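Chain and residue survey
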Amino acid sequence: MNWFRFASPASFYPLAARLTPWFGGAAAVFAAAGLYLGLIAAPTDAQQGESYRIIFVHVATAWMSMFIYLVMAFWCAMSLMFNARLAAMMAQALAPTGALFTALALITGALWGKPTWGTYWAWDARMTSELILLFLYFGYMALRQAIDEPRRADRASALLALVGAVNVPIIYFSVKWWNTLHQGASVSLTSAPTMAAVMLAGMLLMALAAWFYSIAIALTRVRAIILERERHAGWAGEVALAAKAAR
Amino acid sequence: MSIAEFFSMGGYGFYVWGSYAACALAIAAEIVLVRARLSAARRVAGGREPSQ
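Bear in mind the structure is a predicted one, so any value in this text is a computation, not a measurement.

**Description of the overall build of chain A**
When helices and strands are tallied, chain A shows 8 helices and 0 strands. If you list the helices and strands of chain A from N to C, you get α-α-α-α-α-α-α-α. With respect to the three principal axes, the spread of C-alpha positions in chain A is 65 × 35 × 30 Å. Summarising the internal contacts of chain A: among those between residues at least 6 apart in sequence, 76% fall at separations of at least 24.

**Focus: the interface of chain A and chain B**
Size of an interface, as often reported, equals the accessible area lost when the parts are brought together. Across the contact, 34 residues belong to chain A and 24 residues belong to chain B. Of all the secondary-structure elements, those providing two or more residues to the side of chain A that touches chain B are α2 (55-82), α3 (85-117), α7 (197-229) and α8 (234-246) of chain A. When residues in the side of chain A that touches chain B are grouped by element, the largest group, 9 residues, is from α3(A). In terms of residue class, the side of chain A that touches chain B is made up of 17 nonpolar, 9 polar and 8 charged.

**Details of unusual backbone geometry**
A positive phi is found at Asn83(A), a non-glycine position, where the angle reads about 50°. One can find Asn83(A) in the loop between α2 and α3. Although it is not a glycine, Met9(B) adopts a positive phi angle of roughly 50°.

**Re the packing of α2(A) against α7(A)**
Residue and element names in this part refer to chain A. Running from N to C, α2 and α7 cross one another at 45°; their axes reach a closest spacing of 8 Å. By the angle class used here, α2 and α7 are oblique. Crossing handedness for the pair α2 and α7: right-handed. From α2, Ile55, Phe56, Val57, Val59, Ala60, Thr61, Trp63, Met64 and Ile68 reach across to α7, where they touch Gly202, Met203, Met206, Ala207, Ala210, Trp211 and Ser214. Looking at the contact of α2 with α7 residue by residue, the classes come out as 13 nonpolar, 3 polar and no charged.

**Some points on the nonpolar core**
By size, the foremost hydrophobic cluster in this structure holds 78 residues, and its most contacted members are Met72(A), Met90(A), Ala91(A), Met206(A) and Val222(A). Looking at this core, the elements that each hand over two or more residues are α1 (9-41), α2, α3, α4 (125-146), α5 (150-164), α7 and α8 of chain A together with α2 (13-45) of chain B. Take this core: its biggest share by element is 18 residues, from α7(A). Ignoring sequence-local partners within four residues, the contact set of Ala91(A) consists of Met72(A), Trp75(A), Cys76(A), Ser79(A), Ala158(A) and Ala161(A).

**Structural notes on the packing of α4(A) against helix α6 (residues 167-177) of chain A**
Residues and elements named next belong to chain A. With their axes 8 Å apart at the nearest point, α4 and α6 run at an angle of 160° to one another. As judged from the angle between their axes, α4 and α6 are roughly antiparallel. When the axes of α4 and α6 are compared, the crossing they make is left-handed. Every residue of α6 that contacts α4 at Ala125, Arg126, Ser129, Glu130, Ile132, Leu133 and Leu136 is listed here: Asn167, Ile170, Ile171, Ser174 and Val175. Its residues assigned to classes, the contact of α4 with α6 comprises 7 nonpolar, 3 polar and 2 charged.

Cut-offs applied
- Residues numbered from 1 in each chain as written.
- Chains lettered and ligands numbered in written order.
- Predicted model: local features only at pLDDT ≥ 70, side-chain atom pairs only at ≥ 80, totals over all residues.
- Helix = DSSP H or I, 4+ residues; strand = E, 2+ residues; numbered from the N terminus.
- Contact = placed C-beta atoms within 7 Å.
- Nonpolar A, V, L, I, M, F, W, Y, C, P; charged D, E, K, R; others polar.
- Axes fitted to C-alpha atoms, helices over the stretch in contact; angles between N-to-C directions.
- Parallel < 35°, antiparallel > 145°, perpendicular 65-115°, else oblique.
- Left-handed = near helix turned anticlockwise from the far one by under 90°.
- Core = buried A, V, L, I, M, F, W, Y, C linked by C-beta atoms within 7 Å.
- Buried ≥ 20, exposed ≤ 12 C-beta atoms within 10 Å, placed from the backbone.

Everything listed is a geometric property; what it means functionally is a separate question.
Printed below as a string of structure tokens:
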């Protein structure tokens, strides 16, 4: 199988359309299981009572906010190195979802901070660097919008995204490098988790759900972007007419 | 655990349900917007509507 065939928007479009329902379905199944474990099966926390249940959405959205940025930066690097249109379109399709998860991480964090620390917001390193991540997503999208010619917009915004990638390790290690109000990592690859197995399972299921959701939504958005940008090519009209006939 | 207890979340209902509602609303809105964007792009590419 020649995988490079799919680097062309025209052949990637139908592949994305075929894959989307599978990723969307997986997201729904993992979310249902994660919500059951998180809201019903997991016991009350000894210190925080029920308020800790915010962890199941907070950690999933916060992980995705950073992970999507790294994937976006990867596609930006690919688009710069190989001058590949589809790679730039993938980055463009990921940015709004990344911004959404960043905003949700900040909102759920604020709603958890109030009952736990007594404040919705503090200018500590973790929260401030996560807020900067939100502005990086906004900056990337605004720069794209500001440049009319798509290929120039690809190059300029890719550069911005790559420079901004330095913020991601800062967010991740902020709780180690600085004395933050935010707690340290609950899950790490080098040590045993500091929470009950059922809580950990619920958290990982929600993270997987967010992961599959992001793939499904980005594949759908990239199809819209492909049609928007390639509408003058003959195949784009054919795809649109075929979709119309199928309905 | 009763239904009322479940919704009160030990007095933290506003914070817990507020977090889950924010996520649910944001994701629902994104799905609606992205689907609308795709069907609009299909209409334009199909030549039924002029681009711009």
